[in-house]
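Chain by chain, the residues run as shown.
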Amino acid sequence: MKRILLSLALVTSLSACAAMPTPYQEATGSRWGYEENQIERNRFRVSFGGNSLTDRETVELYLLYRSAELTVEQGYDYFELVERAVDSETRTLGRHPRYGAFSVRYAYFHPRWGWRGLHDPFWDDFHEREITRFEASAEIVMGNGDKPDHPRAFDARDVMANLGDDIVRPEAE
């Protein structure tokens, strides 16, 4: 009985994760979350990838927050966005309500009408859904002292203070 309850709890927790936007987390073992690569002593490439339930604004917000957090971790005061991009990946998923995720393709030849099957009413209630995943990336340069006076420069501690309430972290296990 314990094994059954444990299995049920595991399946429930995994399905709950799949039905939620990507939280602010490191992308360990998956493509979803933040990553950074050091290019030079004070230059990093930072990225955040979200699942199909994570909207573009959240992905960009988490990228900005991670850039600020990394800047403070490295002992700097501000960062500048040298380069910034948001990529999207859109896929179309289809599902027949009676037969699940797979589809059956068939055609037949009728002597009077020729090949048939493409516009069969059986497939009229076929459901398609488009899903889009976003990944934001930026190259940042970190610095100490007063923040430069231009729109691509951010005070790291101000960013963390102002955006901190909007960050959703993973639930503790």
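Student: Help me out: how do you make sense of the pattern of salt bridges in this one?
Tutor: Between side chains of opposite charge, a pair can form when the charged atoms approach closely. For the coordinates displayed, the defined rule picks out eight salt bridges. For glutamate 139, the salt bridge goes to arginine 43, with nearest N and O atoms at 2.4 Å. With a gap of 96 residues between them, glutamate 139 in strand S6 (residues 127–143) and arginine 43 in strand S2 (residues 43–49) connect regions that are remote in the sequence. Note that arginine 56 and glutamate 60 form a salt bridge whose closest N and O atoms lie 3.3 Å from each other. Of this pair, arginine 56 and glutamate 60 both sit in helix H2 (residues 56–73), four residues apart, which is roughly one turn of the helix. Residue class for arginine 56 comes out partly exposed when judged on its relative accessible area of 37%.

Student: Help me understand the pairing of strand S1 (residues 33–40), please; the structure alone is not making it clear to me.
Tutor: If a strand is regular, its side chains alternate between the two faces of the sheet. Bridge count between S1 and S2: seven bridges; the pairing is antiparallel. In the sheet register, glutamate 40 faces S2, and the bridge partner there is arginine 43. The turn linking S1 back onto S2 is made up of two residues.

Student: Explanation requested: empty space enclosed by the protein in the structure shown.
Tutor: Rolled over the atoms, a probe with the dimensions of a water molecule shows which regions are left empty. Here the structure, examined in full by the defined rule, presents one cavity of 30 Å³ or more. Roughly 30 Å³ of internal volume is contained in the largest cavity. Contributing to the lining of the largest cavity are Glu60, Leu63, Leu64, Ser67, Leu81 and Arg84. Secondary-structure elements contributing two or more residues to the lining of the largest cavity are H2 and strand S3 (78–95). At four residues, the largest contribution of residues to the lining of the largest cavity is made by H2.

Student: Explanation requested: the nonpolar core in the structure shown.
Tutor: Inside soluble globular proteins, nonpolar side chains tend to come together where they are buried. Counting 25 residues, the largest nonpolar core has Phe79, Ile140 and Met142 as the members making the most contacts within it. At the level of elements, S2, H2, S3, S6 and helix H3 (156–163) are the ones that each hand at least two residues to this core. It is H2 that provides the largest number of residues to this core, a total of eight residues. Beyond its immediate stretch of four places on either side in the chain, phenylalanine 79 contacts Leu64, Ser67, Ala68, Thr71, Ile140, Val141, Met142, Arg152, Ala153, Phe154, Ala156 and Val159.

Student: Looking at this structure, how should I read the packing of H2 against H3?
Tutor: Each pair of packed helices gets described by two things: the angle between the helix axes and the distance between those axes. Running from amino to carboxyl end, H2 crosses H3 at an angle of 135°, the nearest separation of the two axes being 8 Å. By the angle between their axes, H2 is oblique relative to H3. For the crossing formed where H2 meets H3, the hand is left-handed. Residues Leu61, Leu64, Tyr65, Ala68, Glu69, Thr71 and Val72 of H2 touch H3, and the partners they reach there are Ala156, Arg157, Val159, Met160 and Leu163. Along the lines of polarity and charge, the residues of the contact of H2 with H3 split into nine nonpolar, one polar and two charged.

Conventions adopted
Residues numbered from 1 in each chain as written. Predicted model: local features only at pLDDT ≥ 70, side-chain atom pairs only at ≥ 80, totals over all residues. Heavy atoms only, no water. Salt bridge = Lys/Arg side-chain N within 4 Å of Asp/Glu carboxyl O. Helix = DSSP H or I, 4+ residues; strand = E, 2+ residues; numbered from the N terminus. Buried < 20%, exposed > 50% of the residue type's maximum accessible area, 1.4 Å probe, protein only. Pairing = 2+ DSSP bridges. 1 Å grid on protein atoms, 1.4 Å probe; cavity = no way out; pocket = protein on both sides within 12 Å on 5 of 7 lines; lining within 4 Å. Points joined across faces, edges and corners; volume = space filled by probe spheres on them. Core = buried A, V, L, I, M, F, W, Y, C linked by side-chain atoms within 4.5 Å. Contact = heavy atoms within 4.5 Å. Axes fitted to C-alpha atoms, helices over the stretch in contact; angles between N-to-C directions. Parallel < 35°, antiparallel > 145°, perpendicular 65-115°, else oblique. Left-handed = near helix turned anticlockwise from the far one by under 90°. Nonpolar A, V, L, I, M, F, W, Y, C, P; charged D, E, K, R; others polar.

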